[in-house]
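Okay, here's what each chain looks like letter by letter:
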Amino acid sequence: MGKEIKRYPEALTRAFTQAAEMIVAASGRVVCLTGAGVSVDSGIPAFRGSQGLWDRYDPLEYAEIDNFRRNPEKVWGMLAEMLIVVERAVPNQTHKTLAEFEEKGWLQAVITQNVDGLHQAAGARRVIEFHGTSRNLVCLECDWSWPRFSLVDSRMPPRCRRCNAILKPDVVFFGEQIPRPALLEATAAAEQARVMLVVGTSANVHPAAEMPVLTKKAGGRVIEINLEPTPLSGRVADLTILGPAAIGLSEIMQICERIAGHG
Ligand code: OAD
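Note that the structure is predicted; figures quoted are calculated from it, not measured. (Residues numbered from 1 in each chain as written. Predicted model: local features only at pLDDT ≥ 70, side-chain atom pairs only at ≥ 80, totals over all residues. Heavy atoms only, no water.)

(A) Seen up close, helix 1 (residues 10–25). The end-to-end C-alpha distance of helix 1 is 22 Å, a good match for the 22 Å that 16 residues give at a rise of 1.5 Å each. For helix 1, the set of buried residues is Ala-15, Phe-16, Ala-19, Ala-20, Met-22 and Ile-23. The buried side chains of helix 1 occupy one side of the element, clustering within an arc of 160 degrees when seen end-on. Residues of helix 1 that are exposed and angled more than 90 degrees away from the buried face: Glu-10, Ala-11, Arg-14 and Ala-25. (Helix = DSSP H or I, 4+ residues; strand = E, 2+ residues; numbered from the N terminus. Expected span 1.5 Å × (residues − 1). Buried < 20%, exposed > 50% of the residue type's maximum accessible area, 1.4 Å probe, protein only. Arc of directions from axis to C-beta.)

(B) How the structure looks around the site of the ligand. In the vicinity of the ligand lie 22 residues, with Ala-36, Phe-47, Arg-48, Thr-201 and Ser-202 positioned nearest. Contacts to the ligand include Phe-47, whose backbone N or O atom sits 2.7 Å from an oxygen atom. The separation between an oxygen atom of the ligand and a polar side-chain atom of Thr-201 is 2.6 Å. When the ligand sits alone it has 800 Å² of accessible area, and the protein chains cover 93% of it. Here the shell around the ligand is built from residues that sort into 11 nonpolar, 9 polar and 2 charged. Two domains each donate at least three residues to the shell around the ligand, and these are domain 1 (1–43 + 91–131 + 178–263) and domain 2 (45–88 + 134–171). (Near = heavy atom within 4 Å. Polar contact = N/O pair within 3.5 Å; in protein donor to acceptor, adjacent residues only side chain to side chain. Areas by Shrake-Rupley, 256 points an atom, 1.4 Å probe, with all protein chains shown as cover. Nonpolar A, V, L, I, M, F, W, Y, C, P; charged D, E, K, R; others polar. Domains from an automatic or database assignment.)

(C) Representation of the layout of surface pockets. Here the second largest pocket defines a volume of roughly 220 Å³. Residue lining of the second largest pocket: 15 residues in total, with Val-138, Lys-168, Asp-170, Val-171 and Glu-176 positioned closest to the centre. Listing elements by their share of the lining of the second largest pocket, those giving two or more residues are strand 4 (132–139) and strand 6 (167–171). Tallied by class, the residues present in the lining of the second largest pocket amount to 7 nonpolar, 3 polar and 5 charged. If you count residues domain by domain, the lining of the second largest pocket takes at least three from each of domain 1 (1–43 + 91–131 + 178–263) and domain 2 (45–88 + 134–171). (1 Å grid on protein atoms, 1.4 Å probe; cavity = no way out; pocket = protein on both sides within 12 Å on 5 of 7 lines; lining within 4 Å. Points joined across faces, edges and corners; volume = space filled by probe spheres on them.)

(D) Spotlight on the packing of helix 6 (residues 93–103) against helix 10 (residues 245–260). Put simply, helix 6 and helix 10 touch, their axes get as near as 8 Å, and they point 25 degrees apart. It follows that helix 6 is roughly parallel to helix 10 by the angle criterion. As for how helix 6 packs across helix 10, the hand of that crossing is left-handed. Here helix 6 contributes Gln-93, Thr-94, Thr-97, Leu-98, Glu-100 and Phe-101 to the contact with helix 10, which in turn contributes Ala-245, Ala-246, Leu-249, Ser-250, Ile-252, Met-253, Cys-256 and Glu-257. Here the residues of the contact of helix 6 with helix 10 sort into 8 nonpolar, 4 polar and 2 charged. (Axes fitted to C-alpha atoms, helices over the stretch in contact; angles between N-to-C directions. Parallel < 35°, antiparallel > 145°, perpendicular 65-115°, else oblique. Left-handed = near helix turned anticlockwise from the far one by under 90°. Contact = heavy atoms within 4.5 Å.)

(E) Region of interest: the pattern of salt bridges. Scanning the entire structure with this criterion turns up 11 salt bridges. The salt bridge partner of Glu-81 is Arg-56, with a shortest N-O separation of 3.0 Å. In this pair, Glu-81 is assigned in helix 5 (residues 72–88) and Arg-56 in helix 2 (residues 53–56), connecting sequence segments 25 residues apart. Of the residues examined, Glu-81 reaches a relative accessible area of 34% and is grouped as partly exposed. Relative accessible area serves as the criterion here: at 53%, Arg-56 is assigned to the exposed category. The closest approach of N and O atoms between Arg-135 and Glu-129, which form a salt bridge, is 3.0 Å. Look at Arg-135 and you get partly exposed, because its relative accessible area is 39%. (Salt bridge = Lys/Arg side-chain N within 4 Å of Asp/Glu carboxyl O.)

Everything listed here is a matter of coordinates, which is why it stays silent on function.
Structural data, given as C-alpha cells:
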C-alpha cells in the first residue's frame, strides 16, 4: 500500500506563507514574544489551559509576593516541584527553530516570559528575560543574589548564606516590578520591530501582553501562533495561526528559506 500523503488545509498553508512573507519582508526587524506554551513540549506545564499549573495552585496564594513573604515554606513546596522539572528540561523544536531564525538573521531578539533558560540552551543569543530567571536565587532581606545550585538534593527551603533568611528564585512574582533593564530593552525592541511574532502565550499577563500592542502602534505587524485564541486574536494580531508552535514555526521557516532562496 502507498504511503498516505497528508496536506495541510489550504487556509493553513496560506497562513504559513503569509507569515513567512511578512518575516522575510521585515529584513531582520522581527522580535518574538514567547510564553509558557513554547516549553510545554519540554515537559514544563503551562500556567493556564488544561493541565495548567494554576489549576492546581492558586496564583494569588502561590505567586503573589506578599504571600511569599508571609509563608515562604508553603510557596517553596510549589517552587521546588516546578524548578526540579525546569532543571531537567531540555530545549524542544520550538526553541531550536527560533534560535535558527536568529542565526539566519531573520529574528532580532526573543522577549520571553519564561524563566527556564531554554531559549539560551537552544542557542538563542539575544534573550530578554521579562519575568526574571530561575537560575538565580535572591535574598529579600539582604539583597544578596547568587546562582542556584541543583535543588534535587538541597535542603528546602534554601536559605541565605549571609543572613539565613529564606531565599526567593529571581523570578517576578505578582505584585513585583518587571526588572527595569528588561522592561526598557523589551519596550525598545517591540517599538522598533516591523513584525512581532507572539508564540505560546495566553497574552493575559501585563505588561508582557502590551509588547505586541507597542509594535502595532508603531506601525508593525503582529503574527500569533497559539493553540487557542487569546485577547490579541482578531484585534491586535494581523494573523493568528491556531496550532502547535513547533509545527507552525518549522513550516514558516521552510517557506522563508524558499522565498529567500536559501532552501
Ligand atoms: P499561559 O499558561 O497563560 O499560556 C500558555 C499558552 O500557550 C496557552 O494559551 C496555551 O494554549 C498555549 N500553548 C500550550 N502549548 C502550546 C503549543 N505546543 N504550541 C502553541 N501554544 C501552546 O502562559 P504565559 O502566557 O506564558 O508569570 O503566562 C504568562 C505569565 O503568567 C507567566 O510568565 C507567569 C504566569 O503567571 C509570572 O510568573 C510572573
